[in-house]
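Structural characterization, general
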Amino acid sequence: MNKKTLAVLITILIALTTLASSCFDFVKPNSGDDAIDLVDDVIDDSNQDDQQADENNTDLDQAPPEEGPEDWYKPQVPFAEQYDDPRLGSLDWAFNMLYPTAMSDDRAKVVFTVDPQTGKLIYSIEGQEPGLYLPQVDLIGWGDFTLQYNSGWSGPPPDVVFPCDQDINILPPGQDWFTICPEGAAASTADSWHVVYSVFDAPIPWDDADHIYTYAAVFDADGMPDNNFQYMEPYNWDYWQNTDQWYILDYRNESPDGGPPWMVSVQGPNWEPIESNARAVVYDNSLLWIIPADDFSVLTPGVRVSSFGSTGGWDPADVGGDVNGNDPTETLTPLSSDPIYVVDPPYTLAGVVLDDDWEICGPGLCKYNEGIAESQKTFVWCTDPDDGCSDAGGECSLFSRVKEDSPQDPASWTYIAGSNEKMQKDWDYAYHCFCVK
């Protein structure tokens, strides 16, 4: 466990002191050692590699701050502002959709790399220039983060936030993204997910009569180079070389088998299909691969992202492609970012402002639910499956906020409905269940 993670835990310990069977609306630091066991349980239950904390880390000896949450809380800095690039608004949107109550320490674990070759595409043979330039293929950056979901999370998991869309022509009203899954994908019970994202110089077109596209995230999924795909001459810049597991999003305006124009496939060594509950999410100028961590046999698989566009031919004059980094011969990048623990402890809720002076009760007491009803309508509601919220004197209630807003902006969360009250989902909003009174 690194120093940054330990610093987050110290913050958690400060706020956990408020957790009891009753509701709370402020943090009282320095109130006992019982919180240590609870934090250890949260992290131990989630830790995939059983790494032990460094007992000699001096950060643990630092006294917690005396200030209340308004003093120690640091507002989120949008990625678009942090990198002075408005094209990264899609990354802010994606992270807030997946973890709408995250704070700055969580966002700091998101890895983002500016692509060094923005404005230039490549061909699969070194030295040959592609004749087709498409900004929706040109990477401006890419990155990854890992989400570790705990039983204390009262929001939706990734596969509920982004359910598989069967037909992008009949999306729910107002939905401005689409999700494509491999055949046979279903809701997953995974508690750990890798999110690999690519951001392009222009929005990805949903319906393009003039071009075909292939976007991919390719991995060395088992850490063994012997079974990795090697390029075939003369294609020494093959985008997928030195990898053995491929997540592929293809667009064909006129599919040869009459299938849908957008399709996802997952393949392994020798092009064999692999069953996966992964999904590809296209929003504006970004593509997110959301992949269960148990798809891989190693904790930190190496990855390369690629993009490709063509007028239909395969000669250099007809195509243009891109990969992260300078070229496809570079070493794969391991998914080694610190896990983001998606939980509802008070250290997160302390920075959340609810309208009408609601008091937030203990974390992890309410369950978020989502279901599709008639006419493609989606309903959302909150339940109290173990009566934990009612026992604390509260009610599981549904709140929403405009998805572009920061989760901790004053009064960004608005009360929508009480326990078990189903409401039609508005796709312009993020939802969360809070135990309140």
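Because the structure is predicted, anything quoted here is derived from the model rather than measured. Each chain has its residues counted from 1, running along the sequence as written. Local features in this predicted model are restricted to residues of pLDDT 70 or higher, and side-chain atom pairs are both shown and tallied only at a pLDDT of 80 or more, whereas totals for entire chains, interfaces and linings draw on every residue. Hydrogen atoms and water are omitted, and side-chain values are computed over all heavy atoms in the structure.

Here we look at unusual backbone geometry
Proline 234 follows glutamate 233 through a cis peptide bond whose omega is 5°. Strands here are runs of E lasting at least two residues and helices are runs of H or I lasting at least four, both read from the DSSP assignment and numbered beginning at the N terminus. With respect to the helices and strands, proline 234 occurs in the loop between strand 5 (212-220) and strand 6 (245-251). Despite not being glycine, aspartate 84 shows a phi value in the positive range, around 50°. By secondary structure assignment, the location of aspartate 84 is in the loop between helix 4 (79-82) and helix 5 (89-98). In this structure, asparagine 420 is a non-glycine residue whose phi angle is positive, near 65°.

As for the sheet that holds strand 14 (residues 367-372)
Pairing between strands is defined by DSSP: at least two bridges between the two strands are required. As summarised here, the arrangement of the three strands in space is 14-15-18, forming an open sheet in which the pairing is antiparallel. The sheet terminates laterally at strand 14 and strand 18 (423-424), the two strands that pair on one side only. Sheet topology places strand 14 next to strand 15 (residues 378-383); six bridges connect them, and they run antiparallel. For tyrosine 368, the partnering residue across the bridge sits in strand 15 and is cysteine 382.

A short note on the confidence of the model for the protein
Regions with low pLDDT should not have their predicted coordinates read in detail. Per-residue confidence from the predictor is reported as pLDDT, a score between 0 and 100. Per-residue confidence for the protein averages 82 on the pLDDT scale, and 79% of its residues sit at or above 70. Below a pLDDT of 50 lies the segment residues 24-43, which in the model reaches 39 contacts outside its immediate sequence neighbourhood of four places, other chains included. Here, two residues are considered to be in contact whenever any of their heavy atoms come within 4.5 Å of each other. Taken together, the stretch residues 45-73 has pLDDT below 50 and engages in 36 contacts with residues farther than four places along the chain or on a different chain.

Describing the sheet that holds strand 19 (residues 429-436)
The antiparallel open sheet is built from three strands, whose spatial order is 17-16-19. The open sheet is flanked by strand 17 (414-417) and strand 19, the only strands paired with a single partner. Shown here is a sheet whose adjacent strand axes are inclined to one another by a mean of 40°, direction ignored. For strand 16 (residues 395-402) and strand 17, the ladder comprises three bridges, and the chain directions are antiparallel. Across the sheet, residue serine 400 finds its bridge partner in strand 17, namely threonine 414. Axes here mean lines fitted to C-alpha atoms, for a helix over just the part in contact, with angles spanning 0 to 180 degrees between N-to-C directions.

Describing the packing of aromatic side chains
The relation between two aromatic rings is expressed through the spacing of the ring centres and the mutual angle of the planes. Any Phe, Tyr or Trp ring, taking Trp's six-membered ring, that has another such ring centre within 6.5 Å forms a pair; planes under 30 degrees apart are called stacked, those over 60 apart edge-to-face, and the others tilted. Applying the stated rule across the entire model yields 35 aromatic pairs. Centroid distance phenylalanine 219 to tyrosine 247: 5.5 Å. Interplanar angle 85°. Geometry classified as edge-to-face. With a gap of 28 residues between them, phenylalanine 219 in strand 5 and tyrosine 247 in strand 6 connect regions that are remote in the sequence. Each residue is assigned to one of three classes by its accessible area relative to the maximum for its type, calculated with a 1.4 Å probe on protein chains only: buried under 20%, partly exposed between the two thresholds, exposed over 50%. Judged by relative accessible area, which is 0%, phenylalanine 219 ranks as buried. Classification of tyrosine 247 as buried rests on a relative accessible area of 0%. Among the aromatic side chains, those forming a connected cluster through ring pairs are Phe79, Tyr83, Phe95, Tyr99, Phe112, Phe145, Tyr149, Trp153 and Tyr197. Here, a charge over a ring means that NZ of Lys or CZ of Arg falls within 6 Å of the ring centre while also lying within 35 degrees of the ring normal. Its guanidinium or amino end placed over the ring of phenylalanine 79, arginine 107 lies 4.3 Å from that ring's centre, counting from NZ or CZ. Across from the ring centre of tryptophan 381, 4.4 Å away, lies the NZ or CZ of lysine 422, which sits over that ring.

Focus: the state of the cysteines
The disulfide criterion is simple: two cysteine sulfur atoms within 2.5 Å. Counting across every chain of the model gives four disulfides. Disulfide pairing is shown between cysteine 366 and cysteine 396; the S-S distance is 2.2 Å. Measuring the twist about the S-S bond at about -90°, one finds the cysteine 366-cysteine 396 disulfide to be left-handed. In this pair, cysteine 366 sits in the loop between helix 8 (346-349) and strand 14 while cysteine 396 sits in strand 16, placing the two residues 30 residues apart along the sequence. For cysteine 366, a relative accessible area of 4% gives the class buried. Here cysteine 396 falls in the buried class, since its relative accessible area comes to 1%. Disulfide pairing is shown between cysteine 389 and cysteine 435; the S-S distance is 2.1 Å. Here cysteine 389 and cysteine 435 share a disulfide; its torsion about the S-S bond, 95°, makes the bridge right-handed.

As for the pattern of salt bridges
A side-chain nitrogen of Lys or Arg and a carboxyl oxygen of Asp or Glu constitute a salt bridge if their distance falls within 4 Å. This model, assessed by the stated rule, comprises six salt bridges. A salt bridge links arginine 87 to aspartate 201; the shortest N-O distance between them is 2.4 Å. A residue pair is termed long-range when its members are at least 10 positions apart, and arginine 87 in the loop between helix 4 and helix 5 and aspartate 201 in the loop between strand 4 (192-200) and strand 5 qualify at 114 residues. Ionic pairing is found between arginine 107 and aspartate 92, a salt bridge with its closest N-O pair at 2.6 Å. Taken together, the residues span a long stretch of sequence, with arginine 107 in helix 6 (residues 104-107) and aspartate 92 in helix 5 at a distance of 15 residues. Each member of the pair, arginine 107 as well as aspartate 92, carries the same accessibility label: buried. Each member of the salt-bridge network shares a partner with another, and the members are Asp85, Arg87 and Asp201.

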